[in-house]
Amino acid sequence: MKDEDRTPTQVWRTHRLRQIMLFVTIPGVLLGTASMTAAYSSGWMTPAPPKAACQPTVVPAPARGSFTVNVMNATGVDGTAAKVATGLAKRTFKVGGISNAPESWYVTQSAVVHHGPAGLDQALLVASQIPGAKLFADVRKGTSVDVVVGIGYQDLVAMPERLKPIPSEVSVNVYNTTYKTGLAKVVADDVKARGFKIKDVSNDPLQTMQLGTAVIRYGEDGDLAAALLKQHVPGAELLKIDRKGTRLDLVIGNAYTELVPEADVPPLPERPKDVVPTVSRPCKDS
């Protein structure tokens, strides 16, 4: 309705209502603005700073041979547990039982590592050898862990490059196959003077007869040690045998005269600085 169509009284009431609304609204807006400004200046309206991200706790890893690792197969493929156990043993873990997991266990990951409260670090160390492995905490006592290999398993992580040994890390049996009495003792003393560890000294228990200078017998893990000893024995032949560990047999033959002069032995390679292995304990958000 236009103003000209209303009575003077209606027009007056409309104008009066507008004045009242302006009187109430404008101070309210000003007061609200002032209140917001004061709140921001006091820090009440400032967003809380982001919470610092939780950081894992890095601690020295336990010695690999200080706890037992049991391996269980949940893949349905025969021999998988034994394969994983062999790989862990080569990485100097102490392997205990090898078995199939219960048929009701369905593991889609590469592996699940079960551990008790005292075995968290041990489980983290083992899990680091299996890409994609997960941890599962149970109530067992002690530090042993169970590795349940799942259908997602492909392989262990690549083994680090082996360090070439130094003489003090190599144990040698010295055996005589000649008619020269006491030759094994003479050679053993000379080898010991080069820094090698001497174990058994006697006639060859295999009763071989060597016509050459010497034969160095070694197992699968003793190849680097055998190569080192060969540098000291002129004309020595290497012979791989079925043996665990790195101990060597130096079998003296009839053509032996003396060790290679120390000046002619290749220098030892530089050893890298020892790095303390660690594990990262997952953080606990509050």
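Every value quoted in this text rests on a predicted model; they were computed, and no experiment measured them.

## Some remarks on the nonpolar core
Alright, step 1. Counting residues in hydrophobic clusters, the biggest one holds 25 residues, and the most contacted among them are Val-69, Val-71 and Val-147.
Alright, step 2. Of all the elements in the fold, those that place two or more residues in this core are β2 (68–73), α2 (80–90), β4 (111–115), α3 (120–127) and β6 (145–149).
Alright, step 3. Per-element accounting of this core gives the leading share, five residues, to α3.
Alright, step 4. Among all residues touching Val-71, those that are not within four sequence positions of it are Ala-81, Val-84, Ala-85, Leu-88, Gly-97, Ile-98, Ser-99, Val-147 and Val-149.

## Thoughts on the confidence of the model for the protein
Alright, step 1. Looking at the protein, the pLDDT average stands at 88 and 83% of residues meet or exceed 70.
Alright, step 2. When the criterion is pLDDT under 50, residues 22–31 qualifies, and its contacts beyond four places in sequence or with other chains add up to one contact.

## Quick word on a nonpolar patch on the surface
Alright, step 1. Taken together, the side chains of Tyr-179, Met-209 and Leu-211 make up a nonpolar region of the molecular surface, amounting to roughly 430 Å² of accessible area.
Alright, step 2. Along the polypeptide, Met-209 turns up in the loop between β8 (197–203) and β9 (214–218).

## Quick notes on the sheet that holds strand β7 (residues 171–176)
Alright, step 1. In spatial order, the strands read β8-β7-β11-β9-β10; together these five strands make up an open sheet with mixed pairing. Only two strands of the sheet have a single partner each, and these edge strands are β8 and β10 (237–240). Recorded for the sheet is a direction-independent mean angle of 20° between the axes of neighbouring strands.
Alright, step 2. In the sheet, β9 pairs with strand β11 (residues 248–252) via four bridges, with the strands oriented antiparallel. Residue pairing across strands places Ala-214 opposite Ile-252, the latter belonging to β11.
Alright, step 3. Along the sheet, helix α4 (residues 183–193) makes contact with β7, β8 and β11, crossing β8 at roughly 170°.
Alright, step 4. Helix-sheet contacts for helix α5 (residues 223–230) involve β7, β9, β10 and β11, and the interaxial angle to β9 is about 160°.

## Points about the state of the cysteines
Alright, step 1. For the coordinates displayed, the defined rule picks out one disulfide.
Alright, step 2. Sulfur-sulfur distance for the disulfide between Cys-54 and Cys-283 comes to 2.5 Å. Of this pair, Cys-54 sits in the loop between α1 (8–42) and β1 (57–60) while Cys-283 sits in the segment after β12 (278–281), and the two are 229 residues apart along the sequence.

## Focus: the layout of surface pockets
Alright, step 1. One number sums up the size of the largest pocket: a volume of about 950 Å³.
Alright, step 2. Lining the largest pocket are 24 residues, with Lys-90, Thr-92, Met-159, Pro-160 and Arg-162 positioned closest to its centre.
Alright, step 3. Looking at the lining of the largest pocket residue by residue, the classes come out as nine nonpolar, four polar and eleven charged.
Alright, step 4. Approximately 220 Å³ is the volume found for the second largest pocket.

## Details of α5
Alright, step 1. Within the sequence span of α5, burial applies to Ala-225, Ala-226, Leu-228 and Leu-229. Down the axis of α5, the buried side of the element spans an arc of 160°, and every buried residue falls inside it.
Alright, step 2. For α5, the elements touching its buried residues are β7, α4, β9, β10 and β11.

## Here we look at the environment of Leu-238
Alright, step 1. Mapped onto the elements of the fold, Leu-238 is located in strand β10.
Alright, step 2. Classification of Leu-238 by relative accessible area gives partly exposed; the value is 37%.
Alright, step 3. Counting along the chain gives 23 residues from Leu-238 to Val-215, while the straight-line C-alpha distance between them is 5.9 Å.

## Considering the side chain of Arg-91
Alright, step 1. Tracing the backbone through its elements, the reader meets Arg-91 in the loop between α2 and β3 (94–100).
Alright, step 2. Although buried, Arg-91 forms no salt bridge, and the nearest oppositely charged side chain, Asp-155, lies 5.8 Å from it.
Alright, step 3. If near-sequence neighbours (up to four positions away) are discounted, Arg-91 is found in contact with Arg-64, Gln-129, Leu-156, Val-157, Ala-158 and Met-159.

## Focus: α4
Alright, step 1. All buried positions along α4 are accounted for by Leu-183, Ala-184, Val-187, Ala-188 and Val-191. Across the axial projection of α4, the buried residues extend over an arc of 130°, all falling on one side. Opposite the buried face of α4, by more than 90 degrees, sit the exposed residues Lys-192 and Ala-193.
Alright, step 2. Elements that come into contact with the buried residues of α4 comprise β7, β8, α5 and β11.

Calculation notes
Every residue gets a number counted from 1 within its own chain, in the order that chain's sequence is written. Local features in this predicted model are restricted to residues whose pLDDT is 70 or higher, and side-chain atom pairs enter the listing and the counts only when it is 80 or higher, whereas totals over whole chains, interfaces and linings include all residues. The side-chain quantities take in all heavy atoms of the structure and omit both hydrogens and water. The criterion is simple. A nonpolar core is a set of buried Ala, Val, Leu, Ile, Met, Phe, Trp, Tyr and Cys residues joined through side-chain atoms within 4.5 Å. Per-residue accessibility, obtained with a 1.4 Å probe over protein chains only, is compared with the maximum for each type, and a residue is labelled buried under 20%, exposed over 50%, and partly exposed between these values. Where helices and strands are cited, they refer to DSSP runs of H or I of at least four residues and of E of at least two residues respectively, numbered from the N terminus. The contact definition used throughout considers only heavy atoms, calling two residues in contact when any of these lie within 4.5 Å. Residue-level confidence of the predictor is what pLDDT reports, using numbers from 0 through 100. Each patch is assembled from residues with relative accessible area greater than 30% and no salt bridge, linking like charges that lie within 9 Å and nonpolar side chains (Val, Leu, Ile, Met, Phe, Trp, Tyr) that lie within 5 Å. Only the protein chains shown count as cover for residues, and all accessible areas are computed by the Shrake-Rupley method using a 1.4 Å probe. The term salt bridge refers to a side-chain nitrogen of Lys or Arg lying within 4 Å of a carboxyl oxygen of Asp or Glu. In short, DSSP must find at least two bridges between two strands for them to pair. To define axes, lines are fitted to C-alpha atoms, for helices over the stretch in contact only, and angles between the resulting N-to-C directions are given on a 0 to 180 degree scale. The criterion for a disulfide is a pair of cysteine sulfur atoms lying within 2.5 Å. Lining residues are defined by having an atom within 4 Å of a point belonging to a cavity or pocket. Those points lie on a 1 Å grid over the protein atoms alone, cavities being sets where a 1.4 Å probe fits but cannot get out and pockets being open sets with protein on both sides within 12 Å along at least five of seven lines. Grid points are joined across faces, edges and corners, and a volume is the space filled by probe spheres set on the points. In this classification, Asp, Glu, Lys and Arg are treated as charged, Ala, Val, Leu, Ile, Met, Phe, Trp, Tyr, Cys and Pro as nonpolar, and every other residue, Gly included, as polar. Here the arc refers to the set of directions running from the helix axis out to each C-beta atom. Only four residue types enter the charge count, namely Lys and Arg as positive and Asp and Glu as negative; His and the chain termini do not.

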